[in-house]
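# Examining the three-dimensional arrangement
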Amino acid sequence: MDFIRPEQKRIFDETKCGQPKDLAEFNISAQKAVEEIAGSFGIIKAEYSLSLSRSCFSDMDYPRDLVLYDEKTETENEPLRFEYELYEGGRVEFVVYTKNELSSDERWLIEVDLRQLYYILNELVLELSCESLSLTDFQTGIPNSKAFMRFASKVVEEGKLSSYTALVFNIHNFKSVHRSFSYIEGNKVLKKYSRIIAEAVTKNEIVARTGGDNFIAMILNDHLDYFLDLLHNMVVFHEKDGDSMTFMFGATIGGLKLSDDYDVNDIMLNTSVAYQGARERRQMFNFYDKKLSENLMERKIVLSKFHKALIEKEFYAVYQPKVGVNDLKLHGAEALVRWKHEGKDIMPGKFVPVFEQDGCICMLDFFMLEEVCKFIRRLIDNGLKPVRISVNFSKRHLLNNKLVEEIAEVIDRYGIPHELIEVELTESENSHSQGVMSDVVNDLGALGIKTSIDDFGTGYSSLGMLKQLDLDVLKIDKSFIPEAPVSDNDKSFLMLKGIIALAKSLGFTIVAEGVETSAQFELIEGLGCDVVQGFIFDKPLSESDFIERIKNKDYVLE
Ligand code: C2E
Ligand code: MG
Ligand code: MG
């Protein structure tokens, strides 16, 4: 007997040549192959069943039992069964019914044929498993970013994007789980969370983990409300050492309504922009809008220019005079930064918030302090009597535990008397940074460097906090200065009155910012403010104009 018959070779070639991409393709080749040998062996029915190990495919949707051949003829014969183990841990069983009893040689030949199929199947399952692994986030077992990209590409190809909304989200306060428990325990909670959201999406949707506690999803529009509701009110139960715990999680979510003109990269990018918007606007949910994206682009551009601008001295200081309310004399000035870029002056509103977010504001503030020190040095060297100049210091500096030393080092390097420098700080949002700020204020005070709290009333500070700070100056923000005249029971006027009374009782010098008219001046004079910084006297001045002011310290009120 021939060892390899033409039919056997064909089974191998046809299925192998086809190089099945997936199980469906394998099944078609296998059906063809069995059909071809059916006549030679009197096969009337052949089927196979597949059981894969759980780890095999993330998508368990595969045909488990498949008929390869069926003549719909009855037989009394016991079927032949061939069972093989897959490398991946699953098994495949072929069951073959024949019209007649087969000789052991024939059986052996059929087995050789089926083995060929098994080899191909085994290789395919291995390939699919590797593929599936590369699409799975190993920590949580849910799809990863690559799987998301693949899913999105498929939807783009099918032209079905407009049925979907893409989401990028981050779990609220997940860090506290890691902080309160061990890292391992935190990961278990993350895994449970991930499983809940993965089970909440349908077969035609996807949710993937992009890293940390960040996720991306594509949800069908008519399912969106349900999914968002779940993310905002997620409950995760967890047990540790017999104690059961319940976690309630919310999420910050950016959303992008998809339309057919999106490509996959735009989906990722714009949904992330929407998420960024949610964070910045401190909203739980934010839809993408074009303006947001333009703002972000603008920010990126601004940020990318910072270092070069600093080196090339594009930043410079202007000085806005502060005038005594009672004597109408120049009392001091605030140094304000300006950026001369490509021939244009850029106002701080365009770049200070961007640099604040990034942290590079700290370098800029020190640059300004140095500019101010150099300026005062020049005044002294030219025999002019300098006034105190305040410099803005962002609250980002509170993370620097050498802040006071570094400020003093700059001032001393130029030999400037400490009382000629005032550090303007803004209010801090939490008790920790308020504590740090209090230390900074005290330490600067001990060195004779003055401190003020800027924009009082716009931020987080309470009147109670004021009592704890040993400040010299309180600067009331311009938004608190009412458009005079005001009625006696005007709310913001009453608040202003209260703040001034308290600040006075604590011994602070009170500076009113943004006073523009003589009516406003009279009003704040009546309330007992000490100093005015506002357009009523001067806009921020160039260094040379300010020197003229120093030479003539008297103002007249028109
Ligand atoms: P700020 O520190 O509260 O400075 C006062 C701002 O109010 C200045 O705006 C000033 O020009 C403006 N101003 C003063 N009087 C009037 C008035 O009568 N009417 C109106 N409408 N505005 C008035 P500017 O120069 O645009 O600065 C804006 C903000 O940018 C500053 O507010 C400060 O928070 C920030 N900034 C400026 N320079 C620096 C800096 O060197 N470092 C840091 N960290 N922030 C700075
Ligand atoms: Mg200021
Ligand atoms: Mg201010």
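Residues numbered from 1 in each chain as written. Chains lettered and ligands numbered in written order. Predicted model: local features only at pLDDT ≥ 70, side-chain atom pairs only at ≥ 80, totals over all residues. Heavy atoms only, no water.

## Here's the deal with the site of ligand 1
In the vicinity of ligand 1 lie 24 residues, with Glu 334, Asp 365, Asp 455, Glu 516 and Phe 535 positioned nearest. Contact between ligand 1 and Lys 478: an oxygen atom at 3.0 Å from a side-chain N or O atom of the residue. Contacts to ligand 1 include Phe 535, whose backbone N or O atom sits 2.8 Å from an oxygen atom. When ligand 1 is considered free in solution it has 790 Å² of accessible area, and contact with the protein chains removes 84% of it. Every element with two or more residues in the shell around ligand 1 is listed here: strand 13 (330-341), helix 11 (348-358), helix 12 (361-381) and strand 17 (450-456). A total of 4 residues in the shell around ligand 1 trace back to one element, the largest contributor, which is strand 13. Here the residues of the shell around ligand 1 sort into 10 nonpolar, 6 polar and 8 charged. (Near = heavy atom within 4 Å. Polar contact = N/O pair within 3.5 Å; in protein donor to acceptor, adjacent residues only side chain to side chain. Areas by Shrake-Rupley, 256 points an atom, 1.4 Å probe, with all protein chains shown as cover. Helix = DSSP H or I, 4+ residues; strand = E, 2+ residues; numbered from the N terminus. Nonpolar A, V, L, I, M, F, W, Y, C, P; charged D, E, K, R; others polar.)

## What about the pattern of salt bridges?
This structure, assessed with the given rule, holds 29 salt bridges. The partner of Lys 322 in a salt bridge is Glu 424, with the nearest N and O atoms 3.8 Å apart. Of this pair, Lys 322 sits in strand 12 (residues 315-324) while Glu 424 sits in strand 16 (residues 421-426), placing them 102 residues apart in sequence. The burial state of Lys 322 is the same as that of Glu 424; both residues are buried. (Salt bridge = Lys/Arg side-chain N within 4 Å of Asp/Glu carboxyl O. Buried < 20%, exposed > 50% of the residue type's maximum accessible area, 1.4 Å probe, protein only.)

## Quick look at the sheet that holds strand 6 (residues 206-211)
Strand order in the open sheet made by the 5 strands is 6-7-5-10-11, with mixed pairing throughout. Edge positions in the sheet fall to strand 6 and strand 11 (285-287), since each has one partner strand and no second. Across the sheet, the mean angle separating the axes of adjacent strands is 20° when strand polarity is ignored. With 5 bridges joining them, strand 6 and strand 7 (residues 214-220) adopt antiparallel strand pairing. In the strand pairing of strand 7, Val 207 is matched with Ala 217. Sheet strands in contact with helix 8 (residues 264-280) are strand 5 (164-171), strand 7, strand 10 (251-257) and strand 11, and its direction is about 135° off that of strand 10. (Pairing = 2+ DSSP bridges. Axes fitted to C-alpha atoms, helices over the stretch in contact; angles between N-to-C directions. Contact = heavy atoms within 4.5 Å.)

## Digging into the environment of Gln 31
By the secondary structure assignment, Gln 31 is in helix 2 (residues 23-41). Owing to a relative accessible area of 27%, Gln 31 belongs among the partly exposed residues under this scheme. When the C-alpha atoms of Gln 31 and Leu 296 are compared, they prove to be 57 Å apart, with 265 residues separating the residues in sequence. Setting aside anything within four residues of it in sequence, one finds Gln 31 in contact with Leu 66, Val 67 and Leu 68.

## Points about helix 12
Spanning 21 residues, helix 12 covers 30 Å between terminal C-alpha atoms, matching the ideal 30 Å at 1.5 Å per step. Of the residues flanking the end of helix 12, it is Gly 383, one or two places downstream, whose phi is positive at about 75°. (Expected span 1.5 Å × (residues − 1).)

## Some details on the sheet that holds strand 4 (residues 91-98)
Taken together, the 4 strands give an open sheet; going across it, the order is 2-1-4-3, and neighbouring strands pair in antiparallel fashion. Two strands in the sheet have a free side with no partner beyond their single neighbour: strand 2 (65-70) and strand 3 (80-85). Across the sheet, the mean angle from the axis of one strand to that of its neighbour is 15°, orientation sign disregarded. Relative to strand 2, strand 1 (residues 43-51) is paired through 5 bridges, and the arrangement is antiparallel. Bridged to Tyr 48 within strand 2 is Leu 66.

## As for the coordination of the magnesium ion (ligand 2)
Protein ligation of the magnesium ion (ligand 2) involves Glu 334 (OE), Asn 392 (OD1), Glu 424 (OE) and Asp 454 (OD), the donor distances falling in the range 2.1 to 2.2 Å. The sequence motif formed by the donor residues of the magnesium ion (ligand 2) is E-x57-N-x31-E-x29-D. In this structure Asn 392 comes out as partly exposed when scored by relative accessible area, which is 24%. (Donors = N, O, S within 2.8 Å, 3.2 Å for Na, K, Ca; no water.)

## So, the side chain of Asn 144
The residue Asn 144 is located in the loop between helix 3 (104-134) and helix 4 (145-158) in this model. Residues in contact with Asn 144, not counting those within four places in the same chain, are Ser 134, Leu 135, Thr 136, Asp 137, Ala 208 and Arg 209.

## Observations regarding unusual backbone geometry
Phi angles above zero are rare outside glycine, and Asn 173 is one such case at about 55°. Note on placement: Asn 173 falls in the loop between strand 5 and helix 5 (175-180). Even without glycine at this site, Lys 313 takes up a positive phi of about 55°. You can see Lys 313 is positioned in the loop between helix 10 (306-311) and strand 12.

## Observations regarding the packing of aromatic side chains
Taken as a whole, this structure holds 28 aromatic pairs when the rule is applied. Between Phe 537 and Tyr 555, the ring centres sit 5.3 Å apart and the planes meet at 70°, which makes this aromatic pair edge-to-face. Of the two residues, Phe 537 sits in the loop between strand 20 (531-533) and helix 18 (543-551) while Tyr 555 sits in the segment after helix 18, which places them 18 residues apart along the sequence. On the accessibility criterion, Tyr 555 (8% relative accessible area) is buried. Each residue in the set Phe 169, Phe 174, Phe 181, Tyr 193, Phe 215, Phe 227, Phe 247 and Phe 249 is aromatic and connected to the rest through ring pairs, giving one cluster. Above the plane of the ring of Phe 535 lies Lys 539, whose end atom (NZ or CZ) is 4.8 Å from the centre. (Phe/Tyr/Trp six-rings, centres within 6.5 Å; stacked < 30°, edge-to-face > 60°. Lys NZ or Arg CZ within 6 Å of the ring centre and 35° of its normal.)

## Observations concerning the nonpolar core
In this structure, Phe 315, Phe 355, Leu 364, Leu 369, Ile 407 and Phe 546 are the most contacted members of the largest nonpolar core, which totals 85 residues. Considering every element that reaches this core, the biggest residue donor is helix 12, with 12 residues. Setting aside residues up to four positions removed in sequence, Leu 364 forms contacts with Phe 306, Leu 310, Phe 315, Val 337, Phe 351 and Phe 355. One finds Leu 66, Leu 80, Phe 82 and Leu 124 within the second-largest nonpolar core, a separate group that totals 33 residues. (Core = buried A, V, L, I, M, F, W, Y, C linked by side-chain atoms within 4.5 Å.)

Nothing here speaks to function; it is geometry throughout.
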